[in-house]
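Survey of secondary and tertiary structure
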Amino acid sequence: MNVKHLVDITDYSIDNWNEILKLAENIRKNPEDYSELLKNKIIGNLFFEPSTRTMLSFESAFIKLGGSTIGINDPKFSSISKGEDITDMIKVVSQYADIIVMRHSIEGVCKFCSEYSDVPLINGGDGRHLHPTQTFTDLFTIFCEKGRLNDLTVGFCGDLKNGRTVHSLVKGLSCYKNNKLIFISTESLKIPDYIKTFMKSKNVEFEEITSMSSYLKKLDILYMTRIQKERFVSEKEYLLQKDIYILNKDKLNLAKEDLKIMHPLPRIDEITRDVDDYKGAIYFKQAKYGVFVRMAIIIKLMDENFANKNFYNKNVIIANYSPLKCKNPVCITNNHSFCGNKTKISNGNKICYFCDNILK
Ligand code: NCD
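Since this is a predicted model, take the numbers as computed values, not measurements.

1. Section: the overall build of the protein
- Looking only at helices and strands, one finds nine helices and eleven strands in the protein.
- Scaling as 2.2 N^0.38, a compact globule of 360 residues should have a C-alpha radius of gyration of about 21 Å, and the protein matches this with 20 Å.
- Considering only C-alpha atoms, the protein reaches an extent of 55 × 50 × 40 Å along its principal axes.
- Classification of the 360 residues of the protein by burial places 56% in the buried group.
- Put simply, 71% of the contacts in the protein that link residues at least 6 apart link residues at least 24 apart.
- In the structure as shown, the protein presents an accessible area of about 15,900 Å², 50% of it carried by carbon and sulfur atoms.
- Measuring between centres, the 51 positive side-chain charges of the protein sit 3 Å from its 44 negative side-chain charges.

Below is the structure:
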């Protein structure tokens, strides 16, 4: 059975991504054409971490396609609290639902669980690691608002270490031509090495800086992110990083005329409310685009003809020597009794098969 999961955008080729974006565009223009497509189908939403947009936009997307939703958004009310293994839970839910969306704080858990699912499993965010459906939302937003996905200077600001939406979007933008990426963060919240390695493998020009104002006039897009409080070891560490980058209307006097400001949301205080009516502030529109994109992702993953030629998962190289132990404490390999270590080679590095951590 060729079940298509979406764990990382690089599970699929750029042609496949463009197919998803094109379908999202058609859905946006003619939503009624799709309103009965998934009649009698069910989506299973399994959210083990808080979510508003991802969970509700998937529900909204599925209902707009004519289907119904079931789900869990608090593991306390599932048999996980009785000690059931998460892989058994996935196997069972895949008997009830036709497609599953899963969010969890453990990195690599969606990759691991996808191996136990009889239906497509979508990563709705795994810890600090990846968030592929937000990336398709972001790419679609950029395409709709800028008319292109190449020749863009994009600034990312905030918590670039822990922000999974940034990690996935950087991978996405690195695969389109001539994009320049600027990373604005403190020293301790810089983007992870494995993302830098990915950009280098695609010859992407990028810079890491600490001041937001200095680059504003060169940016086509500024992607703001919140400081991810829940990923810090202590409140004290978080408070040291909080409020360092705040975008307000005054700062925007320095910006390019047609700068677009994006944010995956939730916003805490990194964008002041006076920015909301700025002409380039598109973060709420971005949330709306997310429904069309998720409708397109669902349709494609449930279509047996999608991506048959370019199904990247088949091409992953697993090392044929003893796998190295992953040192990421929140990797699934360190948080599950029988998920053993697996190593893959990517861009010349040995990396964890599940969380992409570079292994040394
Ligand atoms: C993000 C997430 O959960 O990673 N939100 C979202 O899905 N739109 C961003 C965040 O929590 O900061």
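After presenting the structure, the write-up continues.
2. Brief notes about the pairing of strand 3 (residues 99-104)
- Among the six residues in strand 3, six count as buried, and that is most of the element.
- In strand 3, alternate side chains face the same way, and those of Ile99, Val101 and Arg103 on one face and Ile100, Met102 and His104 on the other are all buried.
- When strand 1 (residues 42-47) meets strand 3, the two strands line up parallel, connected through five bridges. For Phe47, the partnering residue across the bridge sits in strand 3 and is Arg103.
- Two elements, strand 3 and strand 4 (residues 121-126), share four bridges in a ladder whose sense is parallel. Its bridge partner lying in strand 4, His104 is registered against Asp126.

3. A closer look at the environment of Met224
- Secondary-structure assignment places Met224 in strand 8 (residues 221-224).
- Exposure remark for Met224: the relative accessible area of 1% places this residue in the buried category.
- A C-alpha to C-alpha distance of 5.0 Å links Met224 and His263, two positions 39 residues apart in sequence.
- Residue contacts for Met224: discarding those within four places in its chain leaves Cys157, Met212, Tyr245, Leu247, Ile261, Met262, His263, Pro264, Glu270 and Ile271.

4. What to know about the sheet that holds strand 1
- Strand order in this open sheet of four strands is 2-1-3-4, and the pairing throughout is parallel. For this open sheet the edge positions go to strand 2 (68-72) and strand 4, each flanked by a neighbour on one side alone. Going from strand to strand, the sheet's axes swing by 15 degrees on average, the running direction of each strand aside.
- The strands touched by helix 2 (residues 53-64) within the sheet are strand 1, strand 2, strand 3 and strand 4, with strand 1 carrying the most contacts at an inclination of about 175 degrees.

5. Examining the packing of helix 5 (residues 132-146) against helix 6 (residues 164-174)
- As a packed pair, helix 5 and helix 6 sit with axes 8 Å apart at the nearest point and diverge in direction by 55 degrees. By the angle between their axes, helix 5 is oblique relative to helix 6. Here helix 5 and helix 6 pass one another in a crossing that is right-handed. Across the interface between the two elements, Pro132, Gln134, Thr135, Asp138, Leu139 and Ile142 of helix 5 pack against Thr165, Ser168, Leu169 and Leu173 of helix 6.

6. Topic: helix 7 (residues 193-201)
- Buried residues of helix 7: Tyr194, Ile195, Lys196, Thr197, Phe198 and Met199, and no others.
- On its buried side, helix 7 packs onto helix 6, strand 6 (180-184), strand 7 (205-209) and strand 11 (349-352).
- Of the residues one or two after helix 7, Asn203 is the one with positive phi, at around 55 degrees.

7. Points about the pairing of strand 7
- When strand 6 meets strand 7, the two strands line up parallel, connected through five bridges. The residue of strand 7 that forms the bridge with Ile182 is Glu207.
- Of the crossover connections in this fold, the one passing from strand 6 over helix 7 to the parallel strand 7 is right-handed.

8. Describing the pattern of salt bridges
- Enumeration over the complete set of coordinates arrives at 28 salt bridges.
- Between Lys196 and Glu208 there is a salt bridge, with its nearest N and O atoms 3.1 Å apart. Of this pair, Lys196 sits in helix 7 while Glu208 sits in strand 7, and the two are twelve residues apart along the sequence.
- A relative accessible area of 13% means that Lys196 is categorised as buried.
- Among the residues examined, Glu208 registers a relative accessible area of 31% and is labelled partly exposed.
- Connected through salt bridges with shared partners, the residues Glu49, Arg164, Arg226, Glu230 and Arg231 form a single ionic network.

9. Regarding the site of the ligand
- As a structural note, the neighbourhood of the ligand is formed by Arg53, Thr54, Arg103, His131, Gln134, Arg164, Thr165, Arg226, Gln228, Pro264, Leu265 and Pro266.
- Contacts to the ligand include Gln228, whose side-chain N or O atom sits 2.7 Å from an oxygen atom.
- Notes on the ligand: free accessible area 320 Å², of which the protein chains cover 93%.
- Those elements that provide at least two residues to the shell around the ligand are helix 2 and helix 6.
- Residues that form the shell around the ligand fall into these classes: three nonpolar, five polar and four charged.

About the cut-offs
- Position labels on residues start from 1 in each chain and follow its written sequence.
- At least 70 in pLDDT is required for a residue's local features to be given in this predicted model, at least 80 for side-chain atom pairs to be given and counted, and no such filter applies to totals for whole chains, interfaces and linings, which use all residues.
- Side-chain numbers come from the whole structure's heavy atoms, not from hydrogens or water.
- A run of DSSP states H or I qualifies as a helix once it reaches four residues; a run of E qualifies as a strand once it reaches two. Both are numbered from the N-terminal end.
- For the radius of gyration, the atoms used are the C-alpha atoms, and the globule rule reads 2.2 Å times the number of residues raised to 0.38.
- The buried label applies to any residue whose accessible area, calculated with a 1.4 Å probe on protein chains only, is under 20% of its type's maximum; exposed applies above 50%, and partly exposed to all values in between.
- In what follows, a contact means two residues having at least one pair of non-hydrogen atoms within 4.5 Å.
- Using a 1.4 Å probe, the Shrake-Rupley method yields the accessible areas, and only the shown protein chains count as cover for residues.
- His is not counted, nor are the chain ends, whereas Lys and Arg count as positive and Asp and Glu as negative.
- Positions of charges follow a simple convention, taking NZ of Lys, CZ of Arg, CG of Asp or CD of Glu.
- Criterion used throughout: strands pair if DSSP finds at least two bridges between them.
- Simply put, an axis is a line fit to the C-alpha atoms, just over the touching stretch for a helix, and the angle between two N-to-C directions goes from 0 to 180 degrees.
- What sets the label is the angle itself: under 35 degrees gives roughly parallel, over 145 gives roughly antiparallel, 65 to 115 gives roughly perpendicular, and the rest give oblique.
- Crossings are sorted by hand: turned counterclockwise from the far helix by less than a right angle, the near helix makes the crossing left-handed, and turned clockwise it makes it right-handed.
- The handedness of a crossover follows from its direction of travel: if, with the strands pointing away from the viewer, the path from the first strand over the helix to the second runs clockwise, the crossover is right-handed.
- The term salt bridge refers to a pairing of a side-chain nitrogen on Lys or Arg with a carboxyl oxygen on Asp or Glu at a separation within 4 Å.
- Near, as used in this document, describes a residue that has one of its heavy atoms within 4 Å of the molecule or strand being considered.
- Under this definition, polar contacts are N or O atom pairs within 3.5 Å; protein pairs additionally need one hydrogen-donor-capable and one acceptor-capable atom, and for neighbouring residues in sequence, both atoms have to be side-chain atoms.
- Think of it as three bins: nonpolar holds Ala, Val, Leu, Ile, Met, Phe, Trp, Tyr, Cys and Pro, charged holds Asp, Glu, Lys and Arg, and polar takes everything else, Gly as well.

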